[in-house]
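# Understanding the architecture of this molecule
What follows is each chain in one-letter form.
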Amino acid sequence: MDLLATALPALGQAWALILQPLVLGYLVLGVVMGLAVGVFPGLGGIAGLSLLLPFMFGMDPVLGLALMIGMVAVVPTSDTFASVLMGIPGSSASQATVLDGFPMAKKGQAARALSAAFTSSLFGGLVGAAFLTLFIVIARPIVLSFGLPEMLMISILGLSMVAVLAGRVALKGLAAAGLGLLIGTIGEADAGGSLRMATYDIPYLTDGLKLVIVGLGIFAVPEIVSLLRQDRAISKEARLGAGWGDGVRDWVANKWLSVRCSLIGVVIGIIPGLGGSVVDWIAYGHAVQTTKDKSNFGKGEVRGVIGPESSNNAKEGGGLVPTLLFGIPGSGSMAIFIGAIALLGSGEIEVGPSMLRDNLDITYSIVWLLALANVVGTLLCIAASGGIAKLTTIRFTYLAPFLFMLISFAAFQSGQNFEDILALFVIGLIGIFLRRFDWSRPAFLIGFVLSNPVEKFSNQAFQIASFRFRKSFEEGMEYIFSPIVIVLLIVTVVSVVLGLRQAKSIMAEGDVQSGSKRAPLVFLLLIMGYVVTALVNASLIPDYNMTDKIVPLVVGGIALAALLILLVQMILRPESDPIFADKEVSGEDADAPYGLWSTLAWFAGLIVATYFVGFILALLGFLVSFLRLRAQAHWPKTLILTARGIALMCVMAGALNRDFPPGLLQGAVDLPWPLN
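Conventions adopted
- Residues numbered from 1 in each chain as written.
- Predicted model: local features only at pLDDT ≥ 70, side-chain atom pairs only at ≥ 80, totals over all residues.
- Heavy atoms only, no water.
- Helix = DSSP H or I, 4+ residues; strand = E, 2+ residues; numbered from the N terminus.
- Core = buried A, V, L, I, M, F, W, Y, C linked by side-chain atoms within 4.5 Å.
- Buried < 20%, exposed > 50% of the residue type's maximum accessible area, 1.4 Å probe, protein only.
- Domains from an automatic or database assignment.
- Contact = heavy atoms within 4.5 Å.
- Patch = residues over 30% accessible without salt bridge, like charges linked within 9 Å, V, L, I, M, F, W, Y side chains within 5 Å.
- Areas by Shrake-Rupley, 256 points an atom, 1.4 Å probe, with all protein chains shown as cover.
- Salt bridge = Lys/Arg side-chain N within 4 Å of Asp/Glu carboxyl O.
- Axes fitted to C-alpha atoms, helices over the stretch in contact; angles between N-to-C directions.
- Parallel < 35°, antiparallel > 145°, perpendicular 65-115°, else oblique.
- Left-handed = near helix turned anticlockwise from the far one by under 90°.
- Nonpolar A, V, L, I, M, F, W, Y, C, P; charged D, E, K, R; others polar.
- Phe/Tyr/Trp six-rings, centres within 6.5 Å; stacked < 30°, edge-to-face > 60°.
- Expected span 1.5 Å × (residues − 1).

Looking at the element boundaries, Ser78 is found in helix H4 (residues 61-78). Each C-alpha atom of the pair Ser78 and Ser121 lies 9.7 Å from the other, and the pair is 43 residues apart in sequence.

Right, here's the structure in full:
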């Protein structure tokens, strides 16, 4: 009763604060800015909030919060455009949506996919806000009950989704996840500072690879290259206006899936450090597990859109729990959110327990601003969908150069190094061949995303458990196998068993026909070579830095075992076996009028030119030559499209206060912006 006596007046005060025309105007402005940021692949909420930081200093707290919440809430909704219409994950929280949303767009069902996604996003956002309302005061003991073993088990639960997403050959999924984990350990180890698959002679590698680069490389580059080779529009059919009602009806028919995935999003959002990078994969895996006919996943199954989209919006509400209650950012965007709150007003608002004690009305204002932002954002997305969806009917040759432009710019923003673009190209090659040979790209990405949490939680839990075991065996076992750990362990085992039973009916990269033994075998040997190299590299780390080597050794050993079994199977099995799947044998890639390497050469040319003359001059030459030679556009159209592309880059860079990749020319000659 005491809680209600405190909460109800605060709720009334919160509504009085936010139901003001000026506050609602700032909320709509934030939503519009979030839509603009979310539509561009690879930017997401972190870039958007970074843009707002300079304006937060001294701003009225409620107005500033309305602006920020409007942006944060709508990015997971607006990034659906890129995922569904272009096959490019708009952010790390929309990667699973690509798997079925993009195939639906290619079938001419873009409106249906977007409608189902927006309805699911709206519902998930409202569930997140409702959860935050109910648990804003009582969530503290729930979050505090998660120690390091529990956090480690949540990470392992995320990895267990590999069993669901592995495809027809489960060992390929296991090996792909292992490869992702090993690539995620590249650089300086957090615990002891040992270098793994890196050298100080190449400083770029010491910091490891960024998620935005790996996400764009694994998903965006392969899809852009594949569609560019086919030289047609994304959608073979132009039926874009129909299907809005179908998408809503799809959601109604699968409302309980949306409810469950929204709750998954809330729970995962509460756990700091996991958030959007993992939640959509867990929700997608749950959608697969709970569907009787799994044959349509990866080819345009609407449940594969509803599940992830429900969860990734709901996780924003969950992510605000540790952020507001304890000052622990649940994600990168929440970290910037905390910093921005400190700038508001005269600095009297401080996230954490004091916020619940002294500013409960402000706390509940955040909750209901989140709910309103989801409603406004969904309505604006639906209103803008007609124009944006028409992108799917444009000949892809006219879209591809601008997508290469956008993902190169987005990759560069992750670290502001030219090597970011090189890394994008290399990871893109890996993604192309994973896609070609029916290796699960989601499994690879789950491994990469969870490499840092798995290593951090396992190392810290190991140190604490060792101390407990030295005191007594019972105390050590009690620490490792808490009730929450046991529940999560059971859930994980059930997930793996169900996933392995269902794997044969799931196609990681669609219906890929088998080819000859040679190409898949060569690719397997290349992966095996990297895994062996990583194992040898980890084994050379001194034993006194055991925490830096144990995870690469264990993960590498498991991955190598899976690869060796695959190698034996490839030697013994006939060429018709699914293990020899190869997209270049039959289907769209095999029938494409343009080859892989000649298509990749255009992207490589942009990167090489950037190295010599900088990004803007390289982009100018790239757009003109591509549109004239590859798209065969007339000179007026070429010049107009090139000018628009350069202008878009300049506006984005100026608004976000970002630089362009420089080249050797910029080091020798002092040029004006944007050429410098």
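Having seen the model, we can carry on.
Ranked by size, the top nonpolar core spans 170 residues in total, and within it Leu65, Phe337, Trp439, Leu563 and Met649 carry the most contacts. Of the domains in this structure, domain 1 (2-230 + 243-393 + 440-511) and domain 2 (397-414 + 595-676) are the two that each give at least three residues to this core. Not counting chain neighbours up to four residues away, the residues in contact with Leu563 comprise Ala175, Trp439, Leu524, Ile527, Met528 and Val531. One finds Ile264, Ile268, Val279 and Val485 within the second-largest nonpolar core, a separate group that totals 8 residues.

Attention shifts here to a nonpolar patch on the surface. On the surface, Phe469, Phe473, Met477, Phe481, Ile486, Leu489, Ile490, Val493, Val494 and Val497 cluster together into a nonpolar patch covering about 850 Å² of accessible area. Looking at the nonpolar patch, the elements with two or more residues in it are helix H23 (473-480) and helix H24 (483-502). In terms of residue count, the dominant contributor to the nonpolar patch is H24 (6 residues). On the secondary structure map, Ile490 appears in helix H24.

Turning to the packing of helix H10 (residues 170-184) against helix H25 (residues 518-539), a few remarks are in order. Two elements in contact, H10 and H25, have axes whose closest approach is 11 Å; the angle formed by their N-to-C orientations is 45°. Classified by the interaxial angle, the pair formed by H10 and H25 is oblique. With respect to the hand of their crossing, H10 and H25 are arranged in left-handed fashion. Where H10 abuts H25, its residues Leu179, Leu182 and Ile183 lie against Ile527, Tyr530, Val531 and Ala534. When grouped by side-chain class, the residues that make up the contact of H10 with H25 number 7 nonpolar, no polar and no charged.

This part covers the pattern of salt bridges. When their charged atoms lie close together, side chains carrying opposite charge are able to pair. Under the criterion given, the structure shown has 6 salt bridges. Asp582 is the partner of Arg436 in a salt bridge, and the nearest nitrogen-oxygen pair spans 2.8 Å. Of the two residues, Arg436 is situated in helix H21 (residues 418-436) and Asp582 in the loop between helix H26 (546-572) and helix H27 (588-591); the sequence distance between them amounts to 146 residues. By the burial criterion, Arg436 is buried, and Asp582 matches it. The partner of Asp577 in a salt bridge is Arg573, with the nearest N and O atoms 3.4 Å apart. With a relative accessible area of 16%, Asp577 lands in the buried category. Relative accessible area serves as the criterion here: at 31%, Arg573 is assigned to the partly exposed category.

So, on to the packing of aromatic side chains. Enumeration according to the criterion identifies 15 aromatic pairs in this entry. With a centroid separation of 6.3 Å and an interplanar angle of 15°, the aromatic rings of Phe433 and Phe437 are classed as stacked. Between Trp602 and Phe626, the ring centres sit 5.1 Å apart and the planes meet at 75°, which makes this aromatic pair edge-to-face. Pair noted here: Trp602 is in helix H28 (residues 596-613) and Phe626 is in helix H29 (residues 615-630), with a separation of 24 residues, a long-range link. A relative accessible area of 22% places Trp602 in the partly exposed class. The structure contains a cluster of three or more aromatic residues connected by ring pairs, namely Phe433, Phe437, Trp439, Phe523 and Trp597.

Before going further, it helps to spend a moment on unusual backbone geometry. Here Met197, not a glycine, exhibits a phi torsion of approximately 50°, which is positive. Take Met197: its relative accessible area is 23%, and that puts it in the partly exposed class. The backbone of Asp438 sits at a positive phi, close to 65°, despite the residue not being glycine. By secondary structure assignment, the location of Asp438 is in the loop between H21 and helix H22 (441-471). Residue Asp438 is classed as buried on the basis of its relative accessible area of 3%.

Residues of H29 that are buried include every one of Phe615, Ile616, Ala618, Leu619, Phe622, Leu623, Val624, Phe626, Leu627 and Arg630, and no others. Note on H29: the residue one or two positions beyond its end, Gln632, has a positive phi of about 55°.

The subject of this paragraph is helix H7 (residues 110-135). In a regular helix each residue adds 1.5 Å, so 26 residues correspond to 38 Å; H7 covers 37 Å between its end C-alpha atoms and thus fits that length. Buried residues dominate H7, accounting for 19 of its 26 residues.

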